[in-house]
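In case you want the letters, here they are:
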Amino acid sequence: MWSAFFWIWIIFYLSALNTLLNCLKENPNIPVIAKYFGTKGRYEEVNPYLIRDILAVNRSSLQPPSPQCREIHLTAIIRHGTRYPTSKNVKKMEKLYKLVQSSARGKDRWLHEILTQWTMWYTEDMDGRLVQKGVEDLKHLAVRLSKLFPTIISEEKLRGGLIKFITSSKHRCVNSTLSFKAGLTEMWAITDVEFQHAVNDALMRFFDKCTKFVQEVDNNPSALTEMDKFTQGPEMVRVQQKIADRLNVSYHLITYDMVEAAFYLCAYEFAIKTENSPWCRLFDEIDGQVMEYALDLKQFWKRGYGYDINSKSSCILFHDVFSRLDKAVNEHHSGQAVNEAVTVQVGHAETLLPLLTLLGFFKDSETLTSTNYASQRERSFRTSRMLPYAANLVLVLFDCGGRDIRLQPLVNEQPVVFPGLADQQESMPLYEDIKRQYAELLNGCDYETVCELFKPAEP
């Protein structure tokens, strides 16, 4: 039975999509492939109403079962904001730029602009550092979440030490954490005190420490066989040929790495500078869809549902989240003030996707493979919508009277339904029902065991 909430979400999604399409028509500065950038996409493409008002919120999307429901705890797991490309991608982009400079012979105006006006300004030492747009991403997110949940993300709770901050050690995450805090302190004009954060890579970079994941997936080239097959298949070959034609160069010069570099050049120029770069003219919308699928295959098999260890590597973060929720519920039931009203944890796409996968979100009935691109056009597993810069999973505990404690999940500020609980009428299920749904993971999913941390080395 479909819940009323499901239809509310569908209506909201269609409305958001219509808003995005209108924005694309009204704003020629938005590339036609902007909504296909995967993990390199802007947050605004997921929530297009933010293009007009970056601080807009939609409180009506929250549907508590009773007007007396009030927030008692919020946990937010957030990806860092917009960043520069990594040194690895800068090298690929430099190689493409040199090829175009030396060999392109097309006569289009956009190509003339690349050849005579655009300069290769990305350098290897940028290496994934947060850009100014990334600072703004987190500042604005902080303000919006405080507007969505004003009684819990408040100046009083911040000053009272009830809002805790945890981050990955990577500079882009630390700076994103500082930016989130700045969003709050600037909004409330707090200048007399600084708020601390804790660096915790065990939680926010669990994937680095999970031996089984590192050996079987991360460092195993065959783990991405499906992506490799797709990048050599007919859909991608056609994209390569079209780009070669647009540049008027030989087909053999445009490899998949060249296509990816061009795609990233378009994405970074847009995400960092909000410019519809001439590099974007190398792609049409169909090309963008093919590229998005290739990148989704990579994420599916390396961080998502492709291998069981991908999600199980996040067991340590999963247990940490539920222990915080349990602690808040127990303190509330005992009449105590909740000691940690808000927890803000800043990490990576590689932090968020395994956890979303472990919880069962965005799971399709059919596995993503190199051969089912056409049948996966309407897939749920779409990283452009799941994992833009500043992507977030927010879990909010509500007290709805008595011992009626409920939990509302939001992904990128939009309410979602816990898998397996979609037939409930309420958009906010009982917390105890959610714990029953995940009982197997709560009673097991031991990080040290699943990651084989203490497995003896093979002779």
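Residues numbered from 1 in each chain as written. Predicted model: local features only at pLDDT ≥ 70, side-chain atom pairs only at ≥ 80, totals over all residues. Heavy atoms only, no water.

A. Examining the pairing of strand β1 (residues 70-79) more closely. Burial of β1 is extensive: nine of the 10 residues sit out of reach of the surface. With eight bridges joining them, β1 and strand β5 (residues 392-399) adopt antiparallel strand pairing. If you follow His-73 over to β5, its bridge partner there is Leu-397. Two strands pair when backbone bridges link them, and β1 and strand β4 (residues 342-347) are joined in this way by six bridges, in the parallel orientation. When the sheet's bridge partners are listed, Thr-75 is paired in β4 with Thr-343. (Buried < 20%, exposed > 50% of the residue type's maximum accessible area, 1.4 Å probe, protein only. Helix = DSSP H or I, 4+ residues; strand = E, 2+ residues; numbered from the N terminus. Pairing = 2+ DSSP bridges.)

B. Inspection of the layout of surface pockets at higher detail. Here the second largest pocket defines a volume of roughly 1100 Å³. Contributing elements (two or more residues each) for the lining of the second largest pocket: α2 (87-103), α6 (171-187), α8 (206-209), α10 (225-231), α12 (256-273), α13 (285-302) and α16 (349-359). By residue class, the composition of the lining of the second largest pocket is eight nonpolar, 10 polar and 18 charged. A domain-level breakdown of the lining of the second largest pocket finds at least three residues from each of domain 1 (47-84 + 130-217 + 308-451) and domain 2 (87-128 + 219-298). (1 Å grid on protein atoms, 1.4 Å probe; cavity = no way out; pocket = protein on both sides within 12 Å on 5 of 7 lines; lining within 4 Å. Points joined across faces, edges and corners; volume = space filled by probe spheres on them. Nonpolar A, V, L, I, M, F, W, Y, C, P; charged D, E, K, R; others polar. Domains from an automatic or database assignment.)

C. Quick peek at the state of the cysteines. Enumeration over the complete set of coordinates arrives at four disulfides. When the bonded cysteines of the chain are numbered from the N-terminus onward, they pair as 1-6, 2-8, 3-4, 5-7. Its sulfur unpaired, Cys-173 is 19 Å from the next cysteine sulfur, which belongs to Cys-210. Cys-173 sits in the buried class, given a relative accessible area of 0%. (Disulfide = S-S within 2.5 Å.)

D. Local environment of the packing of aromatic side chains. If you walk through the whole model with that rule in mind, you get 25 aromatic pairs. Centroid distance Phe-418 to Tyr-438: 6.0 Å. Interplanar angle 75°. Geometry classified as edge-to-face. A residue pair is termed long-range when its members are at least 10 positions apart, and Phe-418 in the loop between β7 (414-415) and α18 (431-437) and Tyr-438 in the loop between α18 and α19 (439-443) qualify at 20 residues. Members of the aromatic cluster, each reached through a chain of ring pairs, are Phe-318, Phe-322, Phe-361, Phe-362, Phe-418, Tyr-431 and Tyr-438. The ring of Phe-165 has Lys-181 sitting right over it, with the charged end atom 5.7 Å from the ring centre. (Phe/Tyr/Trp six-rings, centres within 6.5 Å; stacked < 30°, edge-to-face > 60°. Lys NZ or Arg CZ within 6 Å of the ring centre and 35° of its normal.)

E. The arrangement of empty space enclosed by the protein in detail. The final tally for this structure, using the stated rule, is two cavities of 30 Å³ or more. Of the voids in this model, the largest cavity is the one considered here, and its volume is about 40 Å³. Lining the largest cavity are Ile-77, Phe-318, Val-321, Phe-322, Leu-355, Leu-359, Leu-393 and Leu-395. Mapped by element, the contributors of at least two residues to the lining of the largest cavity are α15 (315-333), α16 and β5. Counting residues per element, the lining of the largest cavity draws most heavily on α15, which supplies three residues.

F. Representation of α6. Helix length check: α6 (17 residues) gives 24 Å between terminal C-alpha atoms against 24 Å at 1.5 Å per residue, within 8%. Most of α6 is tucked away, with 12 of its 17 residues classed as buried. Along α6, the residues that are buried comprise Arg-172, Cys-173, Val-174, Ser-176, Thr-177, Ser-179, Phe-180, Lys-181, Ala-182, Gly-183, Leu-184 and Thr-185. After α6 finishes, the residue Ala-189 shows a positive phi value of roughly 55°. (Expected span 1.5 Å × (residues − 1).)

G. Here's a closer look at the domain arrangement of the chain. The assigned domain composition of the chain is domain 1 (47-84 + 130-217 + 308-451) and domain 2 (87-128 + 219-298). Look at where the C-alpha atoms of domain 1 and domain 2 centre, and you get two points 32 Å apart. On the domain 2 side, the residues contacting the 24 residues of domain 1 number 21 residues. Summed over both sides, the interface between domain 1 and domain 2 buries roughly 2000 Å², with carbon and sulfur atoms accounting for 52% of that surface. Seen at the junction of domain 1 and domain 2, the total is three salt bridges. Here Arg-379 ties to Glu-292 by a salt bridge, and the two come within 3.4 Å at their closest N and O atoms. Connecting domain 1 to domain 2 are 15 residue pairs in polar contact (both at pLDDT 80 or more). Every element with two or more residues in the side of domain 1 that touches domain 2 is listed here: α6, α9 (211-218) and α17 (383-386). Considering each element in turn, the side of domain 1 that touches domain 2 owes the most residues, four residues, to α9. Here the residues of the side of domain 1 that touches domain 2 are counted per class, giving nine nonpolar, nine polar and six charged. (Contact = heavy atoms within 4.5 Å. Buried area = accessible area lost by both parts, 1.4 Å probe. Salt bridge = Lys/Arg side-chain N within 4 Å of Asp/Glu carboxyl O. Polar contact = N/O pair within 3.5 Å; in protein donor to acceptor, adjacent residues only side chain to side chain.)

H. Here's a closer look at the pairing of strand β2 (residues 163-167). β2 sits mainly inside the fold: four of its five residues count as buried. By the bridge criterion, five bridges tie β2 to β4 in an arrangement that is parallel. Note that in β4 the partner of Ile-163 across the bridge is Val-342. Here β2 pairs with strand β3 (residues 198-199) via two bridges, running parallel. Bridge assignment links Thr-167 to a residue of β3, and that residue is Val-199.

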